[in-house]
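Residues per chain are reported as follows:
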Amino acid sequence: MINLKNVEIGYKSSLLNLEQIHIKRGEIFAVIGENGAGKSTLLKTLTGQIHPIQGQIIIEEKNFQLLNRKEKAKLVSFVGSKFDGIPYLKVLDYLTLGRTPHTDLYGRLTPQDKKTVDHIIELLHIESFIERYTLELSDGERQLVAIGRALVQNTPVICLDEPTAFLDYGNRKKLIRLLSEVAKKEQKCILFSSHDIDLCIDEKIPVLLINTNTKKLEQYNSISKEEIIQKGFPSISY
Amino acid sequence: MTQQYRNTLFFLILFLLLITGAVLHLFAGQIEISFHDFYQAIFHFDPTNTNHIIAVEFRFTRLIMAILAGSALSIAGMLMQTLFNNPLAGPYVLGINSGSSLLVALTLMTGVSFFQHDLSIILSALLGALIFGFLILSFSFFVKNNISLLLIGLMLGSFTGAIVTLLQTFSNAQNLKVFTMWTLGTIQQTEMQQIPLILIFYFIGILSCIFLIKPLNSLVLGENASLLLGINLKSLRISTIAITAVLTGLITAFCGPIAFVGLAVPNITRIVFKTQNHGLLLFANLFFGALFLIFCDIIIQYLEPVVSIPINAFTSLIGAPLVILILLKKLK
């Protein structure tokens, strides 16, 4: 669960105001807005990479800013827009690295850790390529595996920065459906930034829209394409 | 499972090669020492028997130093390569060796000896490695980017290199010769009584690596990704550089700068074992590094009647083509 009240985010000056945002477990939101409007800043703030200028971020009833790195890593995981693969790193080993915040000083895996990894492999139906090397995968497979790694981290909140940017149409649709399904099935809060407005509307994904005029983040459980364009991309609305 | 099987097999082969190499190494050299002499030297040492003295003071010490130097430098190289996410990184590149060289040069050639002692070279080298290790450490507090830190290390190396060259031009012939001999590197100057001290530092360095396995494994994903997995990057950097300084400084102090082992061996092990698990890589580098230096030293000893090759030159002679060969094969 994410609770934001009057949070100002940005690097030095305030870029975006999060007046009243409330996201429950099992919900997924697409973060939509113009380039430079603050999508990445929002995701970076929620993953603890930058501090908010003002206000408190409450995740699972905890004041997120006051937590140390390890505690943050147990609450929020992050997936970038592209995972390039790493030489000599197998898919299974990559997925297992998601357990890092949960393992002991030596990184030893408990049976519980292994069970979590197996569960995610089953959930994403990636049994067939866990023994392959991450460099050998296609872009679509690699993005799936990157999401798997975040799921293995088993955090209540998952943030994804333009996860569909480098995928073809079919894989984009599949990925968005998968995220939506996972949010409900695994009871996660999922936030992903995206420029795939049509896809998100087709798949009935709720939207966090950055209103260009007011510089505020607005939460919609359903919204029309016209409204998105009018509020988020006013330069092309007529 | 197949990979596990393969890796076990590789370790078995490495271990057998290491035993073979160690035995070959003991019997290499121009003076013939029999198996019986070695046995007697261990269990019934006779200080008046020349062969016993050669066995203990020269053969065993040299073998032990080859094992320690090879493994320590390889592990230091592995640590640097993962920390800087760069297969070209090594204790050399960081400038840790240059620290040793600078202090040794100052001690030998200015007459301003830091330590008026027989062990002045050793102490200077150790101190130099530690000073430069901590210098790099303090830079790492200000420089966020690892590549920048690597470049600072390179600059430090060039800078101290220039100072050393200056010192050499003003130095007298005798001191210049001693310094040049040191830079050539040798694993046969160490005495048996120094081994316990070396072993203490060696084990401190190697055993501390166990705490680095987990953070280094996640660092493979990149600095940002490992931060988001809850890794404390700052303490990881400090401890990795400190351990590298101890391992490199120790070996450079007693053997002089030995090039290429720290660069070539970790690259080879990653390719052979095809893994990014640093627990496995740690052991692989330990075995492979020892093996590499043992075999280099065996060849040097067999060539000795014909030509005397310094270990530093020889490791580069073998290491550089080996790295090129590997890169070519990898690119195919």
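Here the structure is a predicted model, which means the values were calculated and not measured.

Draft legend 1. Summary view of the overall build of chain B. Along its length, chain B carries 14 helices and zero strands. Sequence-ordered secondary structure for chain B, helices as α and strands as β, is α-α-α-α-α-α-α-α-α-α-α-α-α-α. Here the C-alpha coordinates of chain B stretch approximately 65 × 60 × 35 Å along the principal axes. With 332 residues in all, chain B has 44% of them scored as buried. Intrachain contacts of chain B at a sequence separation of at least 6 include 77% that bridge at least 24 residues.

Draft legend 2. Representation of the overall build of chain A within the structure. Helix and strand counts for chain A come out as eight helices and 10 strands. The C-alpha radius of gyration of chain A comes to 18 Å, within 12% of the 18 Å expected for a compact globule of 238 residues. With respect to the three principal axes, the spread of C-alpha positions in chain A is 55 × 40 × 30 Å. The 238 residues of chain A split such that 42% are buried. In chain A, 68% of the contacts between residues at least 6 apart in sequence involve partners at least 24 apart.

Draft legend 3. Structural view of the interface of chain B and chain A. Facing the 19 residues of chain B at the interface are 17 residues of chain A. Tallied by class, the residues present in the side of chain B that touches chain A amount to nine nonpolar, seven polar and three charged.

Draft legend 4. Representation of unusual backbone geometry in the model. Positive phi outside glycine occurs at A:His125, with the angle close to 55 degrees. Looking at the element boundaries, A:His125 is found in the loop between helix H4 (111-123) and helix H5 (139-152).

Draft legend 5. Geometry of the packing of helix H3 (residues 50-83) of chain B against helix H8 (residues 195-208) of chain B. Residues and elements named next belong to chain B. Packing of H3 against H8 brings their axes to within 11 Å, and their N-to-C directions diverge by 25 degrees. Classified by the interaxial angle, the pair formed by H3 and H8 is roughly parallel. Considering the relative orientation of H3 and H8, their crossing is left-handed. Facing Thr61, Ile64, Leu68, Ala72 and Ile75 of H3, the residues of H8 in contact are Ile195, Ile198, Tyr202, Gly205 and Ile206. Among the residues forming the contact of H3 with H8, the class breakdown is eight nonpolar, two polar and no charged.

Draft legend 6. Looking closely at the environment of B:Leu73. Residue and element names in this part refer to chain B. Mapped onto the secondary structure, Leu73 falls in helix H3. With 36 C-beta atoms packed within 10 Å, Leu73 lands in the buried category. Sequence separation between Leu73 and Leu250 is 177 residues, and the spatial gap between their C-alpha atoms is 9.7 Å. Each residue touching Leu73, except ones within four places of it in the same chain, is listed here: Pro91, Thr248, Ile251, Ile258, Val261, Gly262 and Gly289.

Draft legend 7. Quick look at the nonpolar core. In terms of nonpolar packing, the biggest core is built from 150 residues, with A:Val207, B:Ala69, B:Ala72 and B:Leu250 touching the most fellow members. With 14 residues, the top contributor of residues to this core is H3(B). Every residue in contact with B:Ala69, bar those within four places of it in the chain, is listed here: B:Ile187, B:Ile251, B:Cys255, B:Ile258 and B:Leu293.

Draft legend 8. Spatial organisation of the pairing of strand S7 (residues 157-160) of chain A. Residue and element names in this part refer to chain A. Taking every second residue as pointing to the same face, both faces of S7 are buried, with Val157 and Cys159 on one and Ile158 and Leu160 on the other. Bridging between strand S6 (residues 76-79) and S7 involves four bridges; their strand directions are parallel. When the bridges of S7 are listed, Phe78 appears paired with Cys159. Pairing geometry for S7 and strand S8 (residues 189-193), over four bridges, is parallel. Across the sheet, the residue bridging to Cys159 is Leu191, located in S8. Remark: the S7/helix H6 (residues 169-185)/S8 crossover connection has right-handed handedness.

Draft legend 9. Quick look at the pairing of S8(A). Residue and element names in this part refer to chain A. For S8, a buried count of five out of five residues is recorded, marking the element as mostly surrounded by other parts of the structure. Of the two faces of S8, the one carrying Cys189, Leu191 and Ser193 and the one carrying Ile190 and Phe192 are both buried. Direction of pairing for strand S3 (residues 28-32) relative to S8: parallel, over a ladder of four bridges. Looking at the pairing, Ile28 lines up with Ile190 of S8.

Draft legend 10. Representation of helix H5 (residues 120-142) of chain B in the model. All names here are of chain B. With 23 residues, H5 should reach 33 Å at 1.5 Å per residue; the first-to-last C-alpha distance of 33 Å fits that figure. Along H5, the residues classified as buried are Ile121, Ile122, Ser124, Ala125, Leu126, Gly128, Ala129, Phe132, Gly133, Ile136 and Ser140. On its buried face, H5 is in contact with helix H4 (96-109), helix H6 (146-170), helix H7 (173-184) and helix H11 (233-255).

Draft legend 11. Main features of the packing of helix H1 (residues 2-27) of chain B against H3(B). Residue and element names in this part refer to chain B. Taken N-terminus to C-terminus, the directions of H1 and H3 make an angle of 140 degrees; their axes are 9 Å apart at the nearest point. Judged by the twist between their axes, the crossing of H1 over H3 is right-handed. Listed contacts from H3 to Ala22, His25 and Leu26 of H1 are Arg59, Leu63 and Ala66. Of the residues assigned to the contact of H1 with H3, the class counts are four nonpolar, one polar and one charged.

Draft legend 12. Spatial organisation of the environment of A:Ser14. Residue and element names in this part refer to chain A. By the secondary structure assignment, Ser14 is in the loop between strand S1 (2-9) and strand S2 (16-23). Judged by the 15 C-beta atoms lying within 10 Å of it, Ser14 falls in the partly exposed class. In the structure, Ser14 is positioned 152 residues away from Phe166 in sequence and 30 Å away in space, judged by C-alpha atoms. Beyond its immediate stretch of four places on either side in the chain, Ser14 contacts Glu8 and Ile53.

Draft legend 13. Geometry of the confidence of the model for chain B. All names here are of chain B. Across chain B, the average pLDDT comes to 86, with 96% of residues at or above 70. Mean pLDDT across the elements of chain B ranges from a minimum in helix H14 (residues 311-331), with 79, to a maximum in helix H9 (residues 213-219), with 96. Under the prediction, the complex receives an ipTM of 0.92, its pTM being 0.90.

Calculation criteria
- Residues numbered from 1 in each chain as written.
- Chains lettered and ligands numbered in written order.
- Predicted model: local features only at pLDDT ≥ 70, side-chain atom pairs only at ≥ 80, totals over all residues.
- Helix = DSSP H or I, 4+ residues; strand = E, 2+ residues; numbered from the N terminus.
- Buried ≥ 20, exposed ≤ 12 C-beta atoms within 10 Å, placed from the backbone.
- Contact = placed C-beta atoms within 7 Å.
- Rg over C-alpha atoms; globule rule 2.2 N^0.38 Å.
- Nonpolar A, V, L, I, M, F, W, Y, C, P; charged D, E, K, R; others polar.
- Axes fitted to C-alpha atoms, helices over the stretch in contact; angles between N-to-C directions.
- Parallel < 35°, antiparallel > 145°, perpendicular 65-115°, else oblique.
- Left-handed = near helix turned anticlockwise from the far one by under 90°.
- Core = buried A, V, L, I, M, F, W, Y, C linked by C-beta atoms within 7 Å.
- Pairing = 2+ DSSP bridges.
- Right-handed = clockwise from strand over helix to strand, strands pointing away.
- Expected span 1.5 Å × (residues − 1).
- pLDDT = per-residue confidence, 0-100.

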